Amino acid sequence: MVRKRKKNKKAQHTHSFFQFVKHYGMSVRVHFVTGLLICFFTVYIGIAMISYFFTGAADQSVVSNLAVGDLASKSGIVLNWAGIRGAYISDIIIDRWFGIPSFFLLFFIGSVGFRLMKLCRINLLRRFLICSILTIWGSLLLTFLFSGMNNLSFFHLGGLHGLNLSEWLRGNIGYVGIILILLAGFILIAIFISRQTVSVLQSGLSFGRLKKKDGNVFTGKDTSGTHKKGGLSEYEEGLNEENEDEDEEEEDDEQDEKTEDDEDAVSGNKPEEYIDRGGFTVEIAKDEDEPYDKSELGAYDPRLDLSGYRFPEINLLKKYDQSDKQVDMVEQNDNQKRIKKTLEDFGINIISIKATVGPTITLYEVVPDKGVRISKIRGLEDDIALSLAALGIRIIAPMPGKGTIGIEVPNKNPQIVSMESVVTSRKFGESRYELPIVLGRTITNEVFMFDLTKTPHLLVAGATGQGKSVGLNVIIASLLYKKHPAELKFVLVDPKMVEFNIYEDIERHYLAKLPDMDNAIITDFSHVIDTLKSLCREMDDRYDLLMKAHVRNISEYNTKFISRQLNPEKGHKFMPYIVVVIDEFGDLIMTAGKEIEMPIARIAQKARAVGIHMIIATQRPSTNIITGTIKANFPARVAFKVSSMIDSRTILDSPGANKLVGRGDLLFSQGNDTSRVQCALVSTDEIENIVKYISNQPGFETAYKLPEVFDEGQGGGGNGFTDLSNRDPLFEEAARLIVLQQQASTSLIQRKFAIGYNRAGRLMDQLEKAGIVGPIEGNKGRQVLIADEYTLEQKLNMMLNGG
């Protein structure tokens, strides 16, 4: 037993040591200090190498007699600015190794230091290859160019490496072979460093075959002003640095496959026999019966119009140091003992208990003894919370797919889940979702994300101040980091007028609006109704295109369109996804009623296949706001902390949201699966940085224009311009109601037909224009001008025959 205890104690010490090393090896401070030391070392070697050019000749007598083992014990008088050790190291690097090109290696070492200090995000493997090739190539070049001047200098310009390599090559392939190798090396280095090299070489070697309309030779340069790695985002480079070379090869292959016509489209000059249809360059048919010819066209690139667009960088987001908020094992052990003791006090024995630690919540999984009723444990929720002195606990009995009972307990020192930590995660970076949304981290500290196209609509609810607005910003920011402006558009509805106005500056990049609207952020209730009707029109138009293309969804349609299987002259076009985000849905329902609810329900029922998705949020999850129609069409729900169990049942169809701890703590429900997630934190400053970064780049000429819809009941709103040719469908019924009641009241029309105030007001204006009611007379109200229904029917028939 004693020997066994010693072994266990030794194993525990070994495990603790490895945990200690792992913790400090991953520490930001350790990385920063290591990088700082590397930078100091780089500066020291750089000073020694620069000094070598001025003092190396005088120090030759001392340095030549030194060996590596003598550096630790011997010292001497040298003129090098970095002392005898600097003189010795610089002599080895410059004279005995690679000569002057050795500075490329020094540049790489300095890059390693900067990378460890997080001062820049670079691909170290790629930089190492570039610096190594430049060093070897430069060493050979200097030796070859100054081969006759070796006796005039105290060191070899290309080092002994360059000298030996040059002599060996000269003996095997001669001077001509060396020149060809140097030229080939220069071209390969240029191709490796800049992706523009290939197009420049192609245009130069084509002997004027590629020409613009004005006769100038096509240079192959990107005319969009800013071109960065084919539109790849910098954060994707940082996440996938080890695969960057493969990505670049794929992108170069795609760029090589672009035809001359696509290059002309980028430069903005198209031959006369071509026209542009929404970024789609097609040949004008000389005969109407001539079939669509796509043989001269490559694959359509939806990002072509904004080919220089750069995705937001990671350094726009704030990074939080969580090193001082590590898991408290003492807290875990105490909680386990208290849970076990509380259950035993009520006669419930448990077999085992284990803890799973999350950023804000710790899940304790309890395996009860045989014969214990689950309902008995569920009834002890308040007693367990009292024994743990916790803000509130949540019992999951039983855990889905497990033979355990879960008890969720808030941590005393919750961690902040930053937007930066989830965006830089491998799961988000490598996701292939169409509309990836990352919400935060689960109880097991895993990144939680989902595809909005699979959801396909989202209902968000929560009390005031519990993180609902931050959650909406996280959803929008996730899409901004992943989707190109040509592939995604937002329709933002903000009745509070202060939540989404921060996104106003990216109108020409990501927002959609009606043609006659001044502001893309919708705040007026009448504009909300018009926009929803316009979205219904957009949905119907898209379904018509899907039917003509013989496909079932937007993904199949866009795939066909990109491969040039659909003719834009027949109305086909590339379809971006449209995400509608509505904040304070409760206010809209109270103001407009069914005028808002019905188009939303229609979009939710049908729009998934054509790429239109809705996210609606409310702080009042009551049954008169979230009706059965809304719940039936929004299977995915996000519930932040609510005030009562009734609200939790309304949003989730189950209790639990009332037991959350707030500050971004949420439950995500889709079908029968419910996950507890700590929402990521994105501040207003971070959103402003992202918006500013995007808005400073070239965008489209205007926002994405939704189809214009003429309201059947559109009138002048009391301004004297009411068009009776476009009467509201309820016009005749409203006229009969007014004549029957002999009371001309807008509120009466509102109540009887369950419509909004704006529509009821337009109906009243049309009735006035038709001579059924009189004008407003101060506080007296309007006078009904028709006495009976018979006279009304005659008037309606006259209007029908006349119009």
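Presented here is an overview of the structure given in this document.

Rules used in this analysis
Residues numbered from 1 in each chain as written. Predicted model: local features only at pLDDT ≥ 70, side-chain atom pairs only at ≥ 80, totals over all residues. Heavy atoms only, no water. Helix = DSSP H or I, 4+ residues; strand = E, 2+ residues; numbered from the N terminus. Buried < 20%, exposed > 50% of the residue type's maximum accessible area, 1.4 Å probe, protein only. Contact = heavy atoms within 4.5 Å. Areas by Shrake-Rupley, 256 points an atom, 1.4 Å probe, with all protein chains shown as cover. Pairing = 2+ DSSP bridges. Phe/Tyr/Trp six-rings, centres within 6.5 Å; stacked < 30°, edge-to-face > 60°. Lys NZ or Arg CZ within 6 Å of the ring centre and 35° of its normal. Axes fitted to C-alpha atoms, helices over the stretch in contact; angles between N-to-C directions. Core = buried A, V, L, I, M, F, W, Y, C linked by side-chain atoms within 4.5 Å. Arc of directions from axis to C-beta. Parallel < 35°, antiparallel > 145°, perpendicular 65-115°, else oblique. Left-handed = near helix turned anticlockwise from the far one by under 90°. Nonpolar A, V, L, I, M, F, W, Y, C, P; charged D, E, K, R; others polar.

**Overview of the overall build of the chain**
Scanning the chain from terminus to terminus reveals 28 helices and 17 strands. Here the chain holds 803 residues, and 47% of them are scored as buried. Counted over contacts in the chain with a minimum sequence separation of 6, partners at least 24 positions apart contribute 67%. As displayed, the chain has an accessible area near 41000 Å², and 54% of this comes from carbon and sulfur atoms.

**Concerning the pairing of strand E6 (residues 405-410)**
Each regular strand carries side chains that alternate between the two faces of the sheet. Of all 6 residues in E6, 6 are buried; the element is thus mostly enclosed. Sheet topology note: the strand E4 (residues 361-368)/E6 ladder contains 6 bridges and is antiparallel. Of the residues in E6, the one forming a bridge with Val-366 is Ile-405. For strand E5 (residues 394-396) and E6, the ladder comprises 3 bridges, and the chain directions are antiparallel. If you follow Ile-396 over to E6, its bridge partner there is Gly-406.

**Some remarks on the packing of aromatic side chains**
Considering all chains together, one arrives at 13 aromatic pairs under this definition. Taken together, a centroid distance of 5.9 Å and an interplanar angle of 20° make the contact between Phe-54 and Trp-81 stacked. Of this pair, Phe-54 sits in helix H2 (residues 28-63) while Trp-81 is found in the loop between H2 and helix H3 (83-98), placing the two residues 27 residues apart along the sequence. Both rings, one in Tyr-309 and one in Tyr-510, keep their centres 6.4 Å apart while their planes meet at 75°; by these two values the pair is edge-to-face. Note that Tyr-309 is positioned in the loop between strand E2 (280-283) and helix H11 (329-345) and Tyr-510 in helix H17 (residues 507-510), a separation of 201 residues in sequence. In terms of burial, Tyr-309 and Tyr-510 fall into one category: buried. Three or more aromatic residues link up through ring pairs in this structure, and these residues are Tyr-309, Phe-311, Phe-490 and Tyr-510. The ring of Phe-428 has Lys-482 sitting right over it, with the charged end atom 5.5 Å from the ring centre.

**Digging into the sheet that holds strand E3 (residues 350-357)**
One open sheet holds the 4 strands; their spatial order is E3-E4-E6-E5, and the pairing between them is antiparallel. Unpaired on one side and paired on the other, E3 and E5 mark the two borders of the sheet. Within the sheet, the average angular offset between the axes of one strand and its neighbour, ignoring direction, is 20°. Against the sheet, H11 touches E3, E4 and E6, its axis set at about 145° to E3.

**Here's the deal with the nonpolar core**
Membership of the largest hydrophobic core comes to 114 residues, with the highest contact counts inside it found for Met-419, Phe-490, Tyr-503 and Ile-596. Of the residues forming this core, the biggest block, 9 residues, is contributed by helix H18 (residues 525-549). If you look at the next biggest cluster of nonpolar residues, it comprises 23 residues, including Ile-749, Ile-755, Ala-760 and Leu-767.

**Thoughts on the sheet that holds strand E12 (residues 577-582)**
Spatially, the 9 strands line up as an open sheet ordered E8-E7-E16-E15-E14-E9-E13-E12-E10, and their pairing is mixed. Each edge of the open sheet carries a strand with a single partner, namely strand E8 (447-451) and strand E10 (488-493). For this sheet, the mean inter-axis angle between neighbouring strands, taken without regard to orientation, is 25°. Note: strand E7 (residues 436-442) against strand E16 (residues 673-679), 3 bridges, orientation antiparallel. Residue pairing in the sheet places Arg-441 in a bridge with Gln-678 of E16.

**Some remarks on helix H23 (residues 645-652)**
For H23, every residue scored as buried is listed here: Asp-647, Ser-648, Thr-650, Ile-651 and Leu-652. Buried residues in H23, looked at end-on, bunch into an arc of 165°, giving them a common side. Residues of H23 that are buried in the fold lie against strand E9 (458-461), helix H22 (628-633), strand E14 (636-640) and strand E15 (665-670).

**A short note on the packing of H18 against helix H21 (residues 594-606)**
Contact geometry for H18 and H21: axes closest at 10 Å, N-to-C directions at 25°. It follows from the interaxial angle that H18 and H21 lie roughly parallel. Once H18 is placed against H21, the crossing between them reads as left-handed. Two secondary-structure elements touch here, H18 through Val-528, Ile-529, Leu-532, Leu-535, Cys-536, Met-539, Asp-540 and Tyr-543 and H21 through Glu-595, Ile-596, Pro-599, Ile-600, Arg-602, Ile-603 and Lys-606. When the residues that make up the contact of H18 with H21 are grouped by side-chain class, the tally is 11 nonpolar, no polar and 4 charged.

**Details of the pairing of E12**
With 6 of 6 residues buried, E12 lies mostly within the body of the structure. Neither face of E12 is left uncovered, since the one carrying Tyr-577, Val-579 and Val-581 and the one carrying Ile-578, Val-580 and Ile-582 both have all their residues buried. Here 6 bridges tie E10 to E12, and the two strands are oriented parallel to one another. Bridge pairing in E12 places Leu-492 opposite Val-581. Where E12 and strand E13 (residues 612-618) come together, 5 bridges link them in parallel fashion. Residue pairing in the sheet places Ile-582 in a bridge with Ile-616 of E13.

Read these as spatial facts, not as claims about activity.
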